[in-house]
Amino acid sequence: MPETKSTASIENGVQKSCNNSKHSNATTDNGYNATAGGGGAAATDGDESAAAKTTGNAVDLPDAVLDKLFHNYFLKQRRAGFKWFLFAAILFNGWTLIIPHEQNLVPLVFTLFVLCTNVMLSIVLDLRLSALKNVKDLHEQITKHASYLLWGLFLTHFTVYLYLQGTNTSPRDTLGWIILFNFLIYVTLPIELFYNGCCMGFLTVAIYPLQIYFFARRDPIFLQQILANVGLILPASTIGLMYYFMSEAKQKRAFLQAKKSLEVKMIIEEQSAEQERLLLSVLPKHVAVKMRQDLGSTSSEPFKKIYMSRHENVSILYADIVGFTAISSTYSAQDLVKMLNELFARFDRLAEKYHQLRIKILGDCYYCISGAPDERPDHAVLCVHMGLSMVKAIKYVQQKANSPVDMRVGIHTGAILAGILGQRQWQFDVYSKDVELANKMESSGKAGRVHISDKTLAFLSGEFEVEPAHGERREEALRIAGLKTYFITKVLKPFASPCTKKINECGDVGENDVGNLVDDDALDEELLAESKSEGDKTEDANKSQELSKQASFKVRLQEELIARDGHEDLSKFTTFFLKFKNKNLEEAYAAYREPLSSVPLLAAFIVQVIDILYSYIVLPRSPLHFINISAPLIPISMLVFISIAESFPDHLPEFFVSLSKRFNDITFVRELAAIIIAVTIGLSNVVDMYFFVTFLKTDHVVLESEIDAITEGIVVAEPVSASMQVSPPIPGEIFMYPSYMSNFAVLILIATAVIAQLTHMTKIVLMIVFTAVHCYCNIFLLSDLYTFEDDLASNPAIPTSVALSTVLIMVTLALTFFARHMDREDRVIFKWKTEVAEQREMATDMRQRNEALVYNILPVHVAEHFMKNTKRSHDDLYSQSYAEVGVLFASMPNFSDFYSEETVNNQGLECLRFLNEVISDFDALLELPQFQDIIKIKTIGSTYMAASGINSNRISQPNDPITKRWAHLAILVEFALELKKALQGINEQSFNHFVLKMGINHGPITAGVIGARKPHYDIWGNTVNVASRMESTGKAGAIQVTEETCNILQEFGYTFQQRGLVSVKGKGQLMTYYLMGKADKGSITYPTVRQSSDEHLKPVIENHLQTTNEHCNGHSAINGIGAGDVRHKEINEPDIKTPLLDIKAHDSSTMADGEADALIN
């Protein structure tokens, strides 16, 4: 049948439990601190580390392992930039084909060969080919060595080109290209910096001057030009190294973020798995899933959420330990709990074997069902096998206690309503007339026998031999229901375990072997003996778990890093201009800045300093020129300093650091500062160009018409062969090489490209503007000055100004794609960060929902014990003793009259819906601040059980006054009075007349969990026993207490009426009192005529209770006691195990009998 639910929220009790895990839900934008070098776990995230520390389950990998993982991860991410080095190499190949004048056939052919090789290499390295199985291995091998191959190819081409060109090449022709490639070596090639990257960079810088010295023509001031060339190449390498370290630090943060996130994710998964295990051990999966989905939801419908479903053809098994009351007096409550825990743990293992769903444990009673929530045709057969195995399992208690205890098992088949009631301390339970009949099957059975009804027999398919049991003669309820009962006498068809079925399917096993395998007794004995060896195996299992944890974490971390692909396609999330389509995400990215992201601005400062140095070496010297190139250093230095100060908090005063943080926190300000710095270095070089035109015309040329004569005076040296010695310059001569300013512009473009504060579009616009202005100056403004160099080159077909302008255009094109690659890489990392935060938030949300559910099943301190102590054995006992506890029982004695399974109330579902409203309103009171120390223990039918003083944070001393020690007991009384008011409000709204009958007692108790595989929290002890009797022997509408409890509560101003002596089994005659109210000082009203124990109830029981007693024996339907209740069925003690029972009445004196002193519920 489909599950039927009413609508309301189950938020009660959730907020507190959710707050317990807030530590793992917070994230920070830039909380990772990592060294730029290759350290191990050098980063921490405050919140995530806190989450890891609180659990104590963080995985620590050795630094060597982390370094290796990071090394592989970093090189993989660098492969995304490899293609831009290849693209720049192809541009250089194209330039060498087109620009140089009067090339011979040999250099052309060689250049074409290198170009084709680069194009083929780009095709082979296409990332899309890596997915093809046929070329995957080849692709991997080529990719691994492609960096060295490409660098060697470029260097070979460059050397051969200079050699073949001979004296047609000047020391300045290829300078711009070598500057660019010295930068790209460090920022695009997927190689280790030490030692491969440094060697490649150093060799490139060292080989170039040698190539120029041996192959280029000897222009005037030849050695100074070589020195200036080195001076321009080294800053490119420096900027490349700086960007390498920045990129490594950025990727290391991403790597450590992945590691930390994985740690937290695994911890959350581990906690969630334990929570899920606890949850599913108490609630069926379909109920738990629906409750988790509805957690925190709101509903406008009038009723509270009820999770209840009806199931047909379900077999219900009740099992009770006969004679357990006798041995309970010889053991302490704690020892009894331990014994029951071990026994019921065995029952739970049997339930797993026979596909039973354990419902609840009530003292020494165990009941379960088969056929729900998942239907199966063999439900009755499995229930009978379960009952027979339980009879065998009781031998454990016989040996342990040396007492003739036995099992009495009853089974009935019918329909049930299964689900949970209330909003706190959920317990899955079953309700229906057939459930109460199953209980009667057990109580009317015999020790050591499995008692079944004819309804169950109809589903056994002849697999068992039976004999008449005549249970209907011993139990009136069975006779009224028209049931015939039977005892199981023999198993005709042994139970086939899953492994046996597999062997039978194979058909290769001999008959004798199969007979051994299907031996049900042997299987059960082995199963029941598991608990002995399980404890021994736990320690070894924990050790192996720790050993495998690191290996598992390493594998998962590798998989996580592999999934982080730097080549990830962003087209689904971004526009063509790499703007996130999600506006909120784009705004977050614009506001976010990586740690040390301002440091690349140092490149601008370095470039401006180099401008001064190289100008001094090869350009005409002038004080005005020195002022012109030095002045921009002042604003550049100021802006760079204020931008990068926050990156060095340990080396700079706090004032500058805080000022820098405020400066960079404003997105517009930091972007504007970066633009000003870039524009300053760009315009500085343009102004420098204009200065030299003015310098030559004003200081050395009076008339513009005399420029030709001046030109002749400036250029005094003719081209010489490379083999000739360099002639020293003649004093007073001026040598002007404007091409150096264009080559220097390559450094300006590089410094602009690495600025992290700007988007790639802004950098591209700046670089295009710089290139356009420099090309204009080359072709138009400096055309006269370039004639000097053209004359040295014998007036080539393509002027030097055009050739250098082409270099600037191609360099800009290469850096444009590189800037886009940088922006894309940053956005991919930022997207990873947001995804990690979302995944962690989802995992945390799942954990919080599980926690909220688990904390509504077990008290918080008990749930934490089970969830955090993952190394414990599943059968370990959890118990705590408390010396001063208050216990409350409250029942609705006339609810059994209200309950019926007619069609008009949906086979009883509407009755349970009403009961759910009542219990939910009771639960809601526990959310009030004044009742935060009261714990709901459970409900049994319409009986509500709560306790006070079970609080590990409460500290009291024996010498403290009563008003301090027992303040929680007074609060428990106030809670009981609030229960009466809540029920009265429900009566007024629903036009019903339900009343509460309550009992309160105080004293020591033992609290703990029975059945740790399926944990059931309860409390035991004489205090609970007497509290139950105070409720069961009380009167409707009253709160009954013992004399000792009365004396304590009088100190709080409560007034009482003496009732008289009440017979309580195991305690004899107890003087009891009814609580009347609260006054300034407690008082007792004594009755004028003492009534006998049999007569004193008559004047105080209302008419509706008399009707109720005709159908309910005190507790069977609605007034259930605790889960430790132990009864003598032989003396017709009231049955409390099943809610909604409808059986014959007993008198009050009989109703007070049948409880063990040491164990209750």
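Residue positions are counted from 1 within each chain, in the order its sequence is given. Restriction of local features to residues with pLDDT of at least 70 applies here, the model being predicted, together with a cutoff of 80 or more for giving and counting side-chain atom pairs; totals for whole chains, interfaces and linings are based on all residues. The side-chain figures draw on all heavy atoms in the structure; neither hydrogens nor water molecules are used.

Further remarks concern the overall build of the protein. The way it works is that DSSP assigns letters per residue, a run of H or I at least four long becomes a helix, a run of E at least two long becomes a strand, and they are numbered from the N terminus. Counting its secondary structure elements, the protein contains 41 helices and 18 strands. Evaluated residue by residue, the protein yields a buried proportion of 56% over its 1161 residues. Contacts in the protein between residues far apart in sequence, at least 24 positions, make up 78% of those at least 6 positions apart. The method behind every accessible area is Shrake-Rupley, applied with a 1.4 Å probe, and residues are considered shielded solely by the protein chains displayed. If you sum the accessible surface of the protein, you get close to 47700 Å²; carbon and sulfur atoms cover 57% of it. Relative accessibility under 20% of the residue-type maximum defines a buried residue, over 50% an exposed one, and the middle range a partly exposed one, all with a 1.4 Å probe and only protein chains included. Contacts: residue pairs with any heavy atoms within 4.5 Å of one another.

Take the packing of aromatic side chains next. Pairing of aromatic side chains requires ring centres within 6.5 Å, counting the rings of Phe and Tyr and the six-membered ring of Trp. Pairs whose planes differ by under 30 degrees are stacked, by over 60 edge-to-face, and all others tilted. Tallied over the entire structure, the rule returns 46 aromatic pairs. The interplanar angle of 65° and the centroid separation of 5.8 Å between the aromatic rings of Phe 92 and Phe 154 together place this pair among those described as edge-to-face. Remark: Phe 154 occurs in helix H5 (residues 133-165) and Phe 92 occurs in helix H3 (residues 63-98); sequence separation between them is 62 residues. Among the residues examined, Phe 92 registers a relative accessible area of 0% and is labelled buried. In this structure Phe 154 comes out as buried when scored by relative accessible area, which is 5%.

It is worth spelling out a nonpolar patch on the surface at this point. On the surface, Leu 210, Tyr 213, Phe 214 and Leu 223 cluster together to form a nonpolar patch covering roughly 420 Å² of accessible area. It is helix H7 (residues 193-215) that provides the largest number of residues to the nonpolar patch, a total of three residues. For Tyr 213, the position within the fold is in helix H7. Assessed through its relative accessible area of 35%, Tyr 213 is described here as partly exposed. Exposure above 30% relative accessible area and the absence of a salt bridge qualify a residue for a patch, where like charges join within 9 Å and nonpolar side chains (Val, Leu, Ile, Met, Phe, Trp, Tyr) within 5 Å. Salt bridge, as applied in this entry: a Lys or Arg side-chain nitrogen positioned within 4 Å of an Asp or Glu carboxyl oxygen.

Moving on, we come to the environment of His 774. Looking at where His 774 falls in the secondary structure, it is placed in helix H30 (residues 760-781). For the pair His 774 and Gly 682, spaced 92 residues apart in the sequence, the C-alpha separation amounts to 9.1 Å. When sequence neighbours within four positions are dropped, the list of residues in contact with His 774 reads Gly 682, Asn 685, Val 686, Met 689, Met 741, Ala 745 and Leu 808. Two N or O atoms count as a polar contact when they lie within 3.5 Å, although within protein this holds only if one can serve as hydrogen donor and the other as acceptor, and sequence-adjacent residues are included solely when both atoms are side-chain atoms. Polar side-chain contacts of His 774 include one of 2.7 Å to the backbone oxygen of Phe 770.

Working convention: axes come from line fits to C-alpha atoms, limited for helices to the stretch in contact. Angles between N-to-C directions cover 0 to 180 degrees. At a closest axis distance of 7 Å, the pairing of helix H6 (residues 175-188) and helix H8 (residues 222-282) adopts a crossing angle of 20°. Viewed along their axes, H6 and H8 adopt a mutual orientation that is roughly parallel. Where H6 crosses over H8, the two elements pack in a sense that is right-handed. Only Asn 229, Leu 232, Ile 233, Ala 236, Ser 237, Ile 239, Gly 240, Leu 241, Tyr 243 and Tyr 244 of H8 make contact with H6, whose side of the interface consists of Leu 175, Ile 178, Ile 179, Asn 182, Phe 183, Tyr 186 and Val 187. All residues other than Ala, Val, Leu, Ile, Met, Phe, Trp, Tyr, Cys, Pro, Asp, Glu, Lys and Arg, Gly among them, are scored as polar; the first ten of these are nonpolar and the last four charged. When grouped by side-chain class, the residues that make up the contact of H6 with H8 number 13 nonpolar, four polar and no charged. Here roughly perpendicular refers to angles of 65 to 115 degrees, roughly parallel to angles under 35, roughly antiparallel to angles over 145, and oblique to all remaining angles. Crossing handedness follows the turn of the near helix against the far one: under a right angle anticlockwise gives a left-handed crossing, and clockwise gives a right-handed one.

The pairing criterion for strands is at least two bridges between them, as found by DSSP. With three bridges connecting them, strand S15 (residues 1039-1042) and strand S17 (residues 1068-1078) associate as antiparallel partners. Paired with Thr 1042 across the strands is Thr 1072, a residue of S17. The pairing of strand S16 (residues 1054-1064) with S17 spans 10 bridges and is classified as antiparallel. Bridge pairing in S17 links Val 1062 to Leu 1070.

Ala 372 connects to Pro 373 through a cis peptide bond whose omega is 0°. With a phi close to 65°, Leu 596 is a non-glycine residue in the positive phi region. Along the chain, the position of Leu 596 falls in the loop between helix H22 (583-591) and helix H23 (602-618). When its relative accessible area of 30% is taken as the criterion, Leu 596 is described as partly exposed. At Gln 907, a residue that is not glycine, the phi angle is positive and equals roughly 55°. Tracing the backbone shows Gln 907 in the loop between helix H34 (895-898) and helix H35 (909-925).

This part covers the packing of helix H29 (residues 739-753) against H30. One can describe the packing of H29 onto H30 by two numbers: an axis separation of 10 Å at closest approach and a directional angle of 170°. Taken as axis vectors, H29 and H30 run roughly antiparallel relative to one another. Contact with H29, carried on its side by Met 741, Ser 742, Ala 745, Ile 748, Leu 749, Thr 752 and Ala 753, involves Lys 763, Leu 766, Met 767, Phe 770, Thr 771, His 774 and Asn 778 of H30 and no other residues of that element. Here the residues of the contact of H29 with H30 are counted per class, giving eight nonpolar, five polar and one charged.

To continue, consider the nonpolar core. Ranked by internal contacts, the top residues of the largest apolar core, which has 110 residues, are Trp 177, Ile 179, Leu 180, Phe 181, Phe 183, Leu 232 and Leu 815. Working definition of a nonpolar core: buried Ala, Val, Leu, Ile, Met, Phe, Trp, Tyr and Cys residues. They are joined through side-chain atoms within 4.5 Å. Judged by nonpolar contacts, the second largest core, of 52 residues, contains Leu 362, Ile 369, Tyr 855 and Ile 940.

Residues that lie three or four places apart on an α-helix share one face, since the helix turns once every 3.6 residues. If you check H8, its first and last C-alpha atoms are 89 Å apart, about what 61 residues at 1.5 Å a residue would give, namely 90 Å. Of all 61 residues that make up H8, 45 are buried, and the element is covered over most of its length. The span expected for a helix works out to 1.5 Å for each residue beyond the first.

Okay, helix H4 (residues 105-124) next. Compared with an ideal rise of 1.5 Å per residue, which puts 20 residues at 28 Å, H4 spans 29 Å between its outermost C-alpha atoms and is within 8% of the ideal. Turning to H4, its buried residues number three or more, namely Pro 107, Thr 111, Val 114, Leu 115, Asn 118 and Leu 121. On an axial view of H4, the arc spanned by its buried residues comes to 125°, and they lie on one face. Along H4, the residues that are exposed and aim more than 90 degrees away from the buried face are Leu 105, Val 106, Phe 113 and Met 120. Arc definition: it is the arc formed by the directions from the helix axis to the C-beta atoms.

Here the structure, examined in full by the defined rule, presents 26 salt bridges. The salt bridge involving Glu 825 is made with Lys 250; its shortest N-O contact spans 3.7 Å. Of this pair, Glu 825 sits in helix H32 (residues 800-855) while Lys 250 sits in helix H8; the two residues are 575 residues apart in sequence, bridging distant segments of the chain. Like Lys 250, Glu 825 is buried. In this structure, the salt-bridge partner of Asp 378 is Arg 376, at a minimum N-O distance of 2.7 Å.

Our focus in this paragraph is the confidence of the model for the protein. On average, the protein scores 76 in pLDDT, and the residues at 70 or more come to 74%. Put simply, helix H40 (residues 1103-1109) is where the protein has its lowest mean pLDDT, 32, and strand S7 (residues 450-453) is where it has its highest, 96. This stretch, residues 499-519, has a pLDDT under 50; its non-local contacts, to residues over four places away or in other chains, come to 10 contacts. Here residues 530-538 scores under 50 on pLDDT; set against residues more than four positions off or in separate chains, the count is 12 contacts. pLDDT measures how confident the predictor is about each residue, on a scale from 0 to 100.

With that settled, the discussion passes to the side chain of Asn 182. If you trace the backbone, Asn 182 turns up in helix H6. According to the relative accessible area criterion, Asn 182 is buried, its value standing at 0%. Within the local environment of Asn 182, its side chain forms a polar contact with the side chain of Ser 237, the two groups lying 3.4 Å apart. Each residue touching Asn 182, except ones within four places of it in the same chain, is listed here: Gly 201, Thr 204, Val 205, Ile 233, Ala 236 and Ser 237.

Before going further, it helps to spend a moment on the state of the cysteines. The criterion for a disulfide is a pair of cysteine sulfur atoms lying within 2.5 Å. In total, this model carries zero disulfides according to the counting rule given. No disulfide involves Cys 199; its sulfur sits 7.0 Å from that of Cys 198, the nearest cysteine. Accessibility expressed as a relative area gives 42% for Cys 199, which makes it partly exposed.

This paragraph deals with the environment of Gly 1077. Along the chain, Gly 1077 turns up in strand S17. The class of Gly 1077 is buried, set by a relative accessible area of 19%. Measuring from C-alpha to C-alpha, the distance between Gly 1077 and Thr 1055 comes to 5.4 Å, with 22 residues separating the pair along the chain.

Examined against the element boundaries, Val 124 turns out to sit in helix H4. Assessed through its relative accessible area of 30%, Val 124 is described here as partly exposed. Here the alpha-carbon distance between Val 124 and Ile 142, two residues 18 residues apart in the chain, equals 8.2 Å.

Below, the discussion takes up the pairing of strand S3 (residues 357-362). With six of six residues buried, S3 is to be regarded as a mostly interior element. By the bridge criterion, five bridges tie S3 to strand S4 (residues 365-370) in an arrangement that is antiparallel. In the sheet register, Ile 361 faces S4, and the bridge partner there is Tyr 366. Two successive antiparallel strands, S3 and S4, enclose a turn made up of two residues, where Gly 363 displays a positive phi of approximately 60°.

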